[in-house]
Amino acid sequence: MFHKILIANRGEIAVRIIRACREMGIKTVAVYSEADREALHTLLADEAICIGPASSLESYLNMERILSATVAMKADAIHPGFGFLSENARFAELCQKCHIAFIGPSAQIIHKMGNKSEARKTMMEANVPVVPGSREPVYTVEEAEKMAEEIGYPVMIKASSGGGGKGMRISRSSEDFAANFQNAQMESINGFSDDTMYIEKYIEQPRHIEFQILADKYGNVLHLGERDCSIQRRHQKVMEESPSAAISPELRKQMGEMAVRAAKAVNYENAGTIEFLLDKNKQFYFMEMNTRIQVEHPVTEMVTGIDLIQEQIRIAAGEKLSLRQEDIHINGHAIECRINAENPSKHFMPCPGLITNVHVPGGNGVRIDTAIYNNYRVPPNYDSMLLKLIVHGNDRASAIEKMRSALGELIIEGIETNLDFEYEIINNEDFQKGNIDTDFIPKHFNV
Ligand code: MV4
């Protein structure tokens, strides 16, 4: 097992990783920027080292400084958390070259899954269902238009290096195809220096269903059920739950088997997520694979009782998975609300500043993952997520009731947050009935 882990991240996920390490008897090193001297992760880790100015590019994204800090502090592994360097193949490769364990999959897997058209092709070859569409990438408007005609409109034009909706356009007919293709491709060239595109059939009002998987170094792969992440605003998840109200035990078994097949097809290792679209007829399609721990991992932890961060560390240290698929049971229902420093009445503009008072809910089945505290100043340099409120109930209805109660108790003063917006979602009749899809927020709110 590792002696000391350096956490190449900040905020609640850094705190979450420090806690997992402490429970396992592993020492921790926090890295922090000049803006994060008083941040909770800096204060909570066994040791802390400043790696540069507030700007992410000069601190949490600076590979050389993080690797130097790891060597200087004599840590034997790096946990990248999510965001920042977590899906950077070059960083994973540099760790390997420096004989530092990267807590995640290999550089080759990160690279392969970062290429969305290649991931899609790999899954087609492995007989994992993918959205109907092109097998090979396309580069010119002519070949793309031919492909769109074959698939049949409406189609989705996607950038191979895309993500979070960047480089993505819908085309509803041949009249609007060329312009949409060129816009999407231009966005990809500007954003990712990559003109590689692919075309898929457009799936109307799908659900975003993702499966958590765990894979060790010896080819053992498990799935831990799904998360329904359909409640999103502009490709930012707002509320997530597990299990999904749309998935029967039979469908879970089928989709879970496909998630495991997808992971095995790339010799996956560590924790990962297989994203699917689920259409109105309950057909499901592989969309992307995420090669990191995700923000919403706690809902899976709540319903399976498995500590995903500890599992990641054990896998990276070379341990075999101690569980088999038949040992995994989905117990009850969990919901997560992401509380952000943003103003819903000003187009969700980020609102950093001084938090003058925090009161958090508690009680049976209530979990808070956060790095904020009284008189903490939220810096303007990073993501606006302040706190994750996660609840666990015996079923969906009681989890919703518990979330209503917990949201009602949560107080964050001094800055604007999206707390009331979360409250409106939990109180929404369609949400309560489980009638959700990726159009939920645009359909119900003027945002
Ligand atoms: C789609 C789709 C419909 N059909 N692909 C959005 C982000 C990117 N990861 C993929 N996305 C989508 N791909 C086809 N063929 C609809 C979306 C989509 C979406 C997906 C998941 C969650 C929220 C979404 C919001 C809008 C569009």
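K.L.:
Would you take a moment to explain the sheet that holds strand S8 (residues 197-201) for this structure?
P.N.:
Remark on secondary structure: sheet strands pair via backbone hydrogen bonds, oriented parallel or antiparallel. Here three strands make up an open sheet; going across it, the order is S7-S6-S8 and the pairing antiparallel. Each of the sheet's edge strands pairs with one partner strand only, and the pair in question is strand S7 (166-171) and S8. For this sheet the average axis-to-axis angle between neighbouring strands, irrespective of direction, equals 20°. The sheet contact formed by strand S6 (residues 155-163) and S8 spans five bridges and is antiparallel. Of the residues in S8, the one forming a bridge with Ala-159 is Met-197.

K.L.:
Explain the site of the ligand to me, please; I cannot follow it from the model alone.
P.N.:
The environment of the ligand is made up of 16 residues, and the closest members are Lys-158, Glu-200, Lys-201, Ile-203 and Glu-288. Within the side chain of Lys-158, one N or O atom sits 2.9 Å away from a nitrogen atom of the ligand. In this structure, a nitrogen atom belonging to the ligand sits 3.1 Å away from a side-chain N or O atom of Glu-288. Protein contacts shield 89% of the accessible area of the ligand, which totals 520 Å² for the unbound molecule. Counting residues per element, the ones that place at least two in the shell around the ligand are S6, S8 and strand S13 (284-290).

K.L.:
How should I be thinking about the pattern of salt bridges in this particular structure?
P.N.:
Opposite charge on two side chains permits pairing when their charged atoms draw close. Counted according to the given criterion, the structure contains 34 salt bridges. Across the pair Asp-327 and Arg-324 runs a salt bridge whose closest N-O atoms are separated by 3.5 Å. By relative accessible area, Arg-324 is classed as exposed at 52%. For Glu-401, the salt bridge goes to Arg-404, with nearest N and O atoms at 3.2 Å. Here Arg-404 and Glu-401 lie together in helix H12 (residues 396-409), a separation of three residues that amounts to about one turn. Taking the relative accessible area as the measure of exposure, Glu-401 reaches 44% and is therefore partly exposed.

K.L.:
Got a minute to help me understand the packing of helix H1 (residues 11-23) against helix H11 (residues 308-316) in this structure?
P.N.:
The relative placement of two packed helices comes down to the angle between their axes together with the axis-to-axis distance. Between H1 and H11, the least distance of the axes is 9 Å, while the angle of their chain directions is 65°. Of the two possible hands of crossing, H1 and H11 adopt the one that is right-handed. In contact with Ile-13, Arg-16, Ile-17, Ala-20, Cys-21 and Glu-23 of H1, H11 contributes Leu-308, Ile-309, Gln-310 and Ile-313. Across the contact of H1 with H11, the residue classes tally to seven nonpolar, one polar and two charged.

K.L.:
What is the right way to look at helix H4 (residues 89-97) in this model?
P.N.:
Along H4, the positions that sit buried rather than exposed are Ala-89, Phe-91, Ala-92 and Cys-95. With its buried residues spanning 165° around the axis, H4 presents them on a single face. Facing away from the buried surface of H4 by more than 90 degrees, the exposed residues are Arg-90 and Lys-97. Taken together, the buried residues of H4 touch helix H3 (63-72), strand S4 (77-79), strand S5 (101-102) and helix H5 (107-114). The N-cap residue of H4 is Asn-88: its side-chain oxygen and the backbone nitrogen of Arg-90 are 3.0 Å apart. Downstream of H4 by a residue or two, His-99 has a phi angle that is positive, lying close to 60°.

K.L.:
I tried to follow the sheet that holds strand S10 (residues 221-233) on my own but got confused; where do I start?
P.N.:
Strand order in the open sheet formed by eight strands is S13-S12-S9-S10-S11-S14-S21-S19, and the pairing between neighbours is antiparallel. Edge positions in the sheet fall to S13 and strand S19 (366-370), since each has one partner strand and no second. With direction set aside, neighbouring strand axes in the sheet form an average angle of 25°. When strand S11 (residues 236-242) meets strand S14 (residues 333-340), the two strands line up antiparallel, connected through four bridges. From the neighbouring strand, Met-239 faces S14, where its bridge partner is Cys-337. Running at roughly 110° to S19, H1 makes contact with S19 and strand S21 (385-393) of the sheet.

K.L.:
Would you take a moment to explain the environment of Ala-341 for this structure?
P.N.:
The topology assignment puts Ala-341 in the loop between S14 and strand S15 (342-343). On the basis of relative accessibility, which here comes to 2%, the residue Ala-341 falls in the buried class. Measuring from C-alpha to C-alpha, the distance between Ala-341 and Ile-18 comes to 23 Å, with 323 residues separating the pair along the chain. Apart from residues no more than four positions distant in its own chain, Ala-341 is found in contact with Met-349, Pro-350, Cys-351, Ser-384, Leu-386, Ile-415 and Glu-416.

K.L.:
Sorry if this is basic, but what is going on with the packing of H3 against H4 here?
P.N.:
Relative to each other, H3 and H4 sit at 30°, their axes nearing to 11 Å. When the interaxial angle is binned, H3 and H4 end up roughly parallel. Judged by the twist between their axes, the crossing of H3 over H4 is right-handed. Along the contact surface, H3 presents Met-63, Ile-66 and Leu-67, while H4 presents Arg-90, Phe-91, Leu-94 and Cys-95.

K.L.:
So what exactly am I meant to see when it comes to the side chain of Lys-388 here?
P.N.:
By the element assignment, Lys-388 lies in strand S21. A polar contact is formed between the side chain of Lys-388 and the backbone oxygen of Val-295, at a distance of 2.6 Å. Not counting chain neighbours up to four residues away, the residues in contact with Lys-388 comprise Glu-12, Phe-82, Val-295, His-297, Pro-298, Glu-336, Cys-337, Arg-367, Ile-368 and Asp-369.

K.L.:
Mind showing me how you'd approach the packing of aromatic side chains here?
P.N.:
Working definition: an aromatic ring pair is given by the centre-to-centre distance plus the angle between the planes. For the coordinates displayed, the defined rule picks out twelve aromatic pairs. Ring geometry for Phe-211 and Phe-276: centres 5.9 Å apart, planes at 85°, overall edge-to-face. In this pair, Phe-211 sits in strand S9 (residues 207-215) while Phe-276 sits in strand S12 (residues 270-278), placing the two residues 65 residues apart along the sequence. Taken as a pair, Phe-211 and Phe-276 share a single burial class, namely buried. Each ring, one from Tyr-373 and one from Tyr-376, has its centre 5.2 Å from the other, and the planes form 50°; the classification is tilted. Assessed through its relative accessible area of 9%, Tyr-376 is described here as buried. An aromatic cluster is built from Phe-348, Phe-421, Phe-431, Phe-440 and Phe-445, whose rings are joined through pairwise contacts.

About the cut-offs
- Residues numbered from 1 in each chain as written.
- Predicted model: local features only at pLDDT ≥ 70, side-chain atom pairs only at ≥ 80, totals over all residues.
- Heavy atoms only, no water.
- Pairing = 2+ DSSP bridges.
- Helix = DSSP H or I, 4+ residues; strand = E, 2+ residues; numbered from the N terminus.
- Axes fitted to C-alpha atoms, helices over the stretch in contact; angles between N-to-C directions.
- Near = heavy atom within 4 Å.
- Polar contact = N/O pair within 3.5 Å; in protein donor to acceptor, adjacent residues only side chain to side chain.
- Areas by Shrake-Rupley, 256 points an atom, 1.4 Å probe, with all protein chains shown as cover.
- Salt bridge = Lys/Arg side-chain N within 4 Å of Asp/Glu carboxyl O.
- Buried < 20%, exposed > 50% of the residue type's maximum accessible area, 1.4 Å probe, protein only.
- Left-handed = near helix turned anticlockwise from the far one by under 90°.
- Contact = heavy atoms within 4.5 Å.
- Nonpolar A, V, L, I, M, F, W, Y, C, P; charged D, E, K, R; others polar.
- Arc of directions from axis to C-beta.
- Parallel < 35°, antiparallel > 145°, perpendicular 65-115°, else oblique.
- Phe/Tyr/Trp six-rings, centres within 6.5 Å; stacked < 30°, edge-to-face > 60°.

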